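Spelled out from the first residue to the last, the chains are:
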Protein chains: 2
Amino acid sequence: MKVEIWSDIACPWCYVGKARFEKALDAFPHRDQVEVVHRSFELDPGRAKGDIQPVIRMLTKKYGMSEAQAQAGEENLGAQAAAEGLEYRTRDRDHGNTFDMHRLLHFAKEQGRQDELIQILYKANFAEERSVFSEGEERLVELAVAAGLEAEGARKVLADPAAYADEVRADEREAAQLGANGVPFFVLDRKFGVSGAQPAEVFTQALTQAWGERSPLQLIDQGDADACGPDGCAVPQH
Amino acid sequence: MKVEIWSDIACPWCYVGKARFEKALDAFPHRDQVEVVHRSFELDPGRAKGDIQPVIRMLTKKYGMSEAQAQAGEENLGAQAAAEGLEYRTRDRDHGNTFDMHRLLHFAKEQGRQDELIQILYKANFAEERSVFSEGEERLVELAVAAGLEAEGARKVLADPAAYADEVRADEREAAQLGANGVPFFVLDRKFGVSGAQPAEVFTQALTQAWGERSPLQLIDQGDADACGPDGCAVPQH
């Protein structure tokens, strides 16, 4: 069974939702047969790469919140994160463009390190004092290395703005096609969707239902197949 | 709608089947909304990289055919290919390990050139006098360039045996999970399967049926979602 999770590193509910999903997955009897793939979604795709702002200022400017509202939202997120055992800095975080991190996550996927990297990026963004936005590419290289990637490979990806850019955009197009207009967005076997950081119980229900409704492919054919397999290429007598 | 095609460059029915599928796809009214992805399947994964044989000798040794049977099979394939407008050399082709070509196809996928490359590899293997197996890596680099890839990038992939190797193996595992034991194997939206180089009419039927049964995701949730979207991150009052 395959679970695809659309999310953004700059999305606090994605950070919290991943932990809730994993709580459900860890207890799921068929967890060894569940493949998890992370897909890209930028909450703020129009933001220029160098345009970095304190989170509270971004919230007041972009969404018209008062400072008190924005801070209350952060406090709520901090409490929700803490309830999942996650660290969350409710003050002095910053916000910026996440495109390069998504490109790096696609590179990490190829190396079998995607889940490690997204977890490290979340932690760096939400729990650590150092910024993931303002220190330049070497900061991301360092985090990639912590996820088990080679520094040189990560550096090359970051230096080439076209590397994995198509993959990021393809993920975003697919999210739109699937009807996701916010994240986190979980898709199970392309059949069931869970929108948002729902309680772990909802993920358990979704996993159980999707598992129960797994279905083999319906084969469409017309008699003998002309195919090649372990016993050679069939040579039907037409 | 997504169509995944498992195939091998060394599989003549894959070459013919792709043409039959494309005949159906070209006439399909929703063809612009069909995404085609090629996936890896090696018919002869145990063959060492340098172990190259004439096709007829491989058929007699590996499958215990007589030379006359093997040659008759090739003549039949030549006629089937011709009926699809494809060139096919029924004599003096060779056979070898295709792992590197599959790795290169995954690289090409990233660059949006996968379909171009697989078509060029098929033509080179089945229709051209020069071998795709015996001339070394520069032959594959040349074909990659013909498909629109950069020589240097292709050369790097070929020089590093680990590059995209996991992707090839993951495709092969997935084929087995889906019940494919031969190729070509077509999977539509992970719901319908078509095994073998079926007539174009079967592909038309499969495309039509899969299109008609496209279904939106069933959303599983429990009230308000904690999510971030274009209007910010919802802050429910818990």
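Criteria and thresholds
- Every chain begins its residue count from 1, and numbering advances along the sequence as written.
- Going through the entries in the order they are written, you letter the chains from A and number the ligands from 1.
- Per-residue local features of the predicted model are confined to residues with pLDDT of at least 70, and side-chain atom pairs are confined, for both listing and counting, to 80 or more; whole-chain, interface and lining totals are unaffected and use all residues.
- Heavy atoms from the whole structure form the basis of all side-chain values; hydrogens and water molecules are not counted.
- A pair of strands counts as paired when DSSP detects no fewer than two bridges linking them.
- Only DSSP runs of H or I covering at least 4 residues are called helices, and only runs of E covering at least 2 are called strands; the numbering of each starts at the N terminus.
- Should any heavy atoms of two residues lie within 4.5 Å, those residues are considered in contact.
- Throughout, an axis means a line fitted to C-alpha atoms (over the contacting stretch in the case of helices), and angles, computed between N-to-C directions, take values from 0 to 180 degrees.
- Copy-to-copy superposition: least squares on the C-alpha atoms, limited to residues that have pLDDT of at least 70 in both copies.
- A pair of sulfur atoms, both from cysteines and within 2.5 Å, is called a disulfide here.
- Any residue under 20% of the maximum accessible area for its type is buried, any over 50% is exposed, and the rest in between are partly exposed; the area is computed with a 1.4 Å probe on protein chains only.
- Buried area: the accessible surface (1.4 Å probe) lost by two parts on joining, summed over both.
- For salt bridges, the criterion is a side-chain nitrogen of Lys or Arg within 4 Å of an Asp or Glu carboxyl oxygen.
- For the purposes of these results, a polar contact is taken to be a pair of N or O atoms within 3.5 Å, where, inside protein, one atom must be able to donate a hydrogen and its partner to accept one; residues adjacent in sequence count only when each atom of the pair is a side-chain atom.
- Classification convention: Asp, Glu, Lys, Arg as charged; Ala, Val, Leu, Ile, Met, Phe, Trp, Tyr, Cys, Pro as nonpolar; all other residues, Gly among them, as polar.

Novice: Which residues make up the sheet that holds strand β6 (residues 192-195) of chain A, and what values do they have?
Specialist: The five strands are arranged β2(A)-β1(A)-β5(A)-β6(A)-β7(B) in an open sheet whose pairing can be described as mixed. With one partner strand each, in any of the chains shown, β2 (35-40) of chain A together with β7 (218-219) of chain B form the two edges of the open sheet. The strands touched by helix α5 (residues 114-127) of chain A are β1 (2-7) and β2 of chain A; relative to β2(A), the strand with the most contacts, the crossing angle is about 55 degrees.

Novice: Pulling in residues and values, what's your account of the relation of the copies chain A and chain B?
Specialist: It takes a turn of 180 degrees to lay chain A on chain B, together with a shift of 0.1 Å along the axis; the resulting RMSD is 0.1 Å. Viewed as a symmetry operation, the transformation between the two copies matches a two-fold axis. The C-alpha atom lying nearest the rotation axis in chain A is that of Arg190(A); the distance is 4.2 Å. By residue overlap, the copies meet face to face through one surface: 98% of the interface positions of chain A are interface positions in chain B.

Novice: Describe in detail the state of the cysteines, supporting the description with residues and values.
Specialist: Residues and elements named next belong to chain B. On inspection of all chains with the given rule, the structure shows four disulfides over all chains. Residue pairing for Cys11: its cysteine sulfur links by disulfide to Cys14, the two sulfurs lying 2.3 Å apart. Handedness of the Cys11-Cys14 disulfide follows from its S-S torsion of about 85 degrees: it is right-handed. The buried category is assigned to Cys11, whose relative accessible area is 0%. The exposure class of Cys14 is buried, given its relative accessible area of 2%. Each disulfide of chain A joins two cysteines, and with those cysteines numbered along the sequence the arrangement is 1-2, 3-4.

Novice: Mind laying out the environment of Gly64(A), listing which residues take part and the relevant values?
Specialist: All names here are of chain A. Structurally, Gly64 is set in the loop between α2 (55-63) and α3 (67-83). Given a relative accessible area of 57%, Gly64 falls into the exposed group. When the C-alpha atoms of Gly64 and Gly229 are compared, they prove to be 62 Å apart, with 165 residues separating the residues in sequence. Residue contacts for Gly64: discarding those within four places in its chain leaves Leu59 and Gln69.

Novice: I'd like a rundown of unusual backbone geometry, residues and numbers included.
Specialist: Note that the residue after Val183(A), namely Pro184(A), is joined by a cis bond; omega there is 5 degrees. With respect to the helices, strands and loops of the structure, Pro184(A) is situated in the loop between α8 (165-178) and β5 (185-188). The phi angle at Asp189(B) is positive, at roughly 50 degrees, despite the residue not being glycine. In this structure, Asp189(B) sits in the loop between β5 (185-188) and β6 (192-195).

Novice: Any details on the interface of chain A and chain B? Residues and values, ideally.
Specialist: Residue-level contacts link 58 residues of chain A with 58 residues of chain B. When chain A packs against chain B, the two sides together hide about 4600 Å² of surface, and 57% of this comes from carbon and sulfur. Between chain A and chain B we count two salt bridges in total. There are ten residue pairs in polar contact (both at pLDDT 80 or more) connecting chain A and chain B. Each residue belonging to the side of chain A that touches chain B can be placed in one class, and the counts come to 29 nonpolar, 17 polar and twelve charged. For β6(A) and β7(B), the ladder comprises two bridges, and the chain directions are parallel. Residue Phe192(A) lies in a different strand from β7(B), and its bridge partner there is Gln218(B).

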